[in-house]
Each structure stands twice: as structure tokens, then as C-alpha cells.
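# Structural characterization, general
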Amino acid sequence: MSQDAPEVALTRAELRAVAGFAAACARPALARFERDRPGDPRPRAAIDAAQAFADGGERTTALRDAAWAAQRAATAAREAGQPAAAEAARSAMAAAGAAFLHPIARATQVAHVLGSAAHAARAAELDGEDPAAVLDRARRTAGPVVAGVLRRYPPAPAGGGRVGALVRELDGALR
């Protein structure tokens, strides 16, 4: 590892806690996606895969594939003019991807921990709701293990548009 990005020690239990947190953040947003895109199972499958890992399953190619499938569902929703559904699907993608948090102390890794919550908050905002309520629920859900993992990384970086701002807001609340 380079000096500017030392390794972060992560246990399997900590990775499972992060994935469980991410799945819990994404699950409420799923209703937004399924309302606009009924019959597309990809985001639900990604959240279920993240939860299965959190519950003791293995990190497999199927989990990674579920994350990419949710990303493709987000693209399809965006292209169909359904931005809230697209953000909800990205929340599901981030949930499945959380199991693959890199043990490198880079600020960009914060989005792997908090991206699911931030995309869910953005989906709510695009539906005319207050994203603060989603972030507050995520803050209450995080628990000490997730907050402890988060504190091992540098603060969330600048940029990333509105979702990046939501990541930074939640990051600040959890540190």
C-alpha cells in the first residue's frame, strides 16, 4: 500500500455489518423502484444478495453480478425518465457492492459504506419527500460497528453531485 492510502483492517463480521446496514437503507427505497418498474426483479435481488451476505453467506461472483444488474436497472429507469426509480436501483446496487468495501484508507471508500443510504435519500427527494428523514433513519440504523468502520476512512470527498452531498451529510453525522 502507498503511504497516502494505508490498509484498513476489516473483519468479515465488519463487512457483514456494513452490508446489512446498506441493505437496510436500500430496502425502503425498493418500493419507489417497483412502483415505477414493476416486473424488474434486479434491485430486489441485489438487496436480497447483500442481506444474504450480511446473514453469513459468502462474497461470490453472484453477489457482484447482482450489483451490476441493479446498476443496469438504474440505467433503464433513467433512460425511461424515472429518476427516483433510477436512484432507488442505485441504492440497491450500492447495497450489494458494500460487501466489497476495499481495505484501503481512501475517502472514496466512504461511498461504499454510505452510498446505499445516500441514493435512497436522493430517490425520496426526487419524489418530493425530505431526504433528511431517510438520512436520519440511516444514522439510527448504522450502529457502532458501521460507525467504527467509517471512522477508519478519511472523510467523504468533495464532488459527486447531490448524492455526494448526501454522503457527506451522513458521514458528518456518523463521525
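Rules used in this analysis
Residues numbered from 1 in each chain as written. Predicted model: local features only at pLDDT ≥ 70, side-chain atom pairs only at ≥ 80, totals over all residues. Heavy atoms only, no water. Axes fitted to C-alpha atoms, helices over the stretch in contact; angles between N-to-C directions. Helix = DSSP H or I, 4+ residues; strand = E, 2+ residues; numbered from the N terminus. Parallel < 35°, antiparallel > 145°, perpendicular 65-115°, else oblique. Left-handed = near helix turned anticlockwise from the far one by under 90°. Contact = heavy atoms within 4.5 Å. Nonpolar A, V, L, I, M, F, W, Y, C, P; charged D, E, K, R; others polar. Core = buried A, V, L, I, M, F, W, Y, C linked by side-chain atoms within 4.5 Å. Buried < 20%, exposed > 50% of the residue type's maximum accessible area, 1.4 Å probe, protein only. Expected span 1.5 Å × (residues − 1). Arc of directions from axis to C-beta.

Moving on, we come to the packing of helix α3 (residues 42–54) against helix α4 (residues 61–79). Packing of α3 against α4 brings their axes to within 8 Å, and their N-to-C directions diverge by 150°. The angle between the axes of α3 and α4 places the two elements in the roughly antiparallel class. Seen from above, α3 lies across α4 with left-handed handedness. Residue-level contacts link Arg42, Pro43, Ala45, Ala46, Ala49, Ala50 and Phe53 of α3 to Leu63, Ala66, Ala67, Ala69, Ala70, Arg72, Ala73 and Ala76 of α4. Across the contact of α3 with α4, the residue classes break down as 13 nonpolar, no polar and two charged.

In this structure, Phe21, Phe33, Leu63, Val110, Val113, Leu114 and Leu170 are the most contacted members of the largest nonpolar core, which totals 61 residues. Elements represented by at least two residues in this core include exactly α1 (12–26), α2 (30–36), α3, α4, α5 (83–97), α6 (110–126), α7 (131–151) and α8 (161–174). Top contributing element to this core by residue count: α6, with nine residues. With residues up to four places along the chain from it excluded, the contact list for Phe33 reads Asp40, Pro43, Ala73, Ala77, Ala85, Ala88 and Ala89.

Moving on, we come to α4. When the terminal C-alpha atoms of α4 are compared, their 27 Å separation across 19 residues agrees well with the 27 Å that a helix rising 1.5 Å per residue should span. If you check which residues of α4 are buried, you get Leu63, Ala66, Ala67, Ala69, Ala70, Ala73, Ala74 and Ala77. Along α4, the residues classed as buried sweep out an arc of 165° about the axis, all on the same side. Residues of α4 that are exposed and point over 90 degrees away from its buried face: Thr61, Trp68, Arg78 and Glu79. At its buried positions, α4 is contacted by α2, α3 and α5.

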